[in-house]
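Residue-level listing of the chains:
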Amino acid sequence: FGFAGQQCNDDINIVIPGFGDTVPSMLRVSGSLVIDTTDSVVISVKPLSSDGLVFLMAEKPNGQRDFIGLFLVDAKPVFKFNLGTGIATITSPQAIPLGVFTTIELRRNGRMGQLVIDGVVVATGTSRRTNTA
């Protein structure tokens, strides 16, 4: 935590934003983020609302093209990604509690993805192939 780079040798400044119904907020990371063939993102959240955007990493600012995202829909975590092979949508069958810290991990290897909540794989999925013809 607080390090980046291929060997985790680079210090980074961590900012903890607050999110909720009364004051919408956002944390923007400047610079380029590389989406690789295999990715894992771990985030601890304490949601105050059952619906919303938790995390989005996108090639374009408007979310077009390649992206990886975590959303809450009816308090159920939804992991979506599109890295050129079509959109994958992986939804937790269980809602997470509001007002309680929960650790969510988004794992991806090629077209396959896993949604992990508090160390337990709760859902898996594969991106759809898009028709290029």
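Heads up: these notes are all about the structure in this document. (Residues numbered from 1 in each chain as written. Predicted model: local features only at pLDDT ≥ 70, side-chain atom pairs only at ≥ 80, totals over all residues. Heavy atoms only, no water.)

### A closer look at the overall build of the protein chain
When helices and strands are tallied, the protein chain shows zero helices and ten strands. Along its sequence from the N terminus, the protein chain presents helices and strands in the succession β-β-β-β-β-β-β-β-β-β. Of all intrachain contacts in the protein chain linking residues separated by at least 6 positions in sequence, the fraction that spans at least 24 positions is 44%. Accessible surface, the protein chain: about 9000 Å² in total, of which carbon and sulfur atoms supply 53%. (Helix = DSSP H or I, 4+ residues; strand = E, 2+ residues; numbered from the N terminus. Contact = heavy atoms within 4.5 Å. Areas by Shrake-Rupley, 256 points an atom, 1.4 Å probe, with all protein chains shown as cover.)

### As for the packing of aromatic side chains
Summed over the entire model, instances satisfying the criterion amount to one aromatic pair. Between F79 and F81, the aromatic rings sit 5.2 Å apart at their centres with planes inclined by 45 degrees, giving tilted as the arrangement. Of the two residues, F79 and F81, both sit in the buried class. Here R108 stacks its cationic end above the ring of F81, 5.8 Å away from the centre of that ring. (Phe/Tyr/Trp six-rings, centres within 6.5 Å; stacked < 30°, edge-to-face > 60°. Buried < 20%, exposed > 50% of the residue type's maximum accessible area, 1.4 Å probe, protein only. Lys NZ or Arg CZ within 6 Å of the ring centre and 35° of its normal.)

### Some remarks on the environment of A123
Its location among the elements puts A123 in strand 10 (residues 120-126). Between the C-alpha atom of A123 and that of F79, which follows or precedes it by 44 residues, the distance is 9.4 Å. Once residues lying within four places of it in the same chain are set aside, the contact partners of A123 are I90, T91, P93, G113, Q114 and L115.

### As for the sheet that holds strand 3 (residues 38-45)
Pairing in this open sheet of four strands is antiparallel, and the strands run 3-8-9-10 from one edge to the other. This sheet does not close on itself; its edge strands, each paired only once, are strand 3 and strand 10. Direction aside, the axes of adjacent strands within the sheet are offset by 15 degrees on average. Here six bridges tie strand 9 (residues 112-117) to strand 10, and the two strands are oriented antiparallel to one another. Paired with V116 across the bridge in strand 10 is V121. (Pairing = 2+ DSSP bridges. Axes fitted to C-alpha atoms, helices over the stretch in contact; angles between N-to-C directions.)

### What to know about the side chain of S127
Examined against the element boundaries, S127 turns out to sit in the segment after strand 10. With a relative accessible area of 1%, S127 lands in the buried category. Look past the residues within four positions of S127 in its chain and what remains in contact with it is F81, T85, G86, I87, A88 and R111.

By themselves, these figures tell us nothing about what the structure is for.
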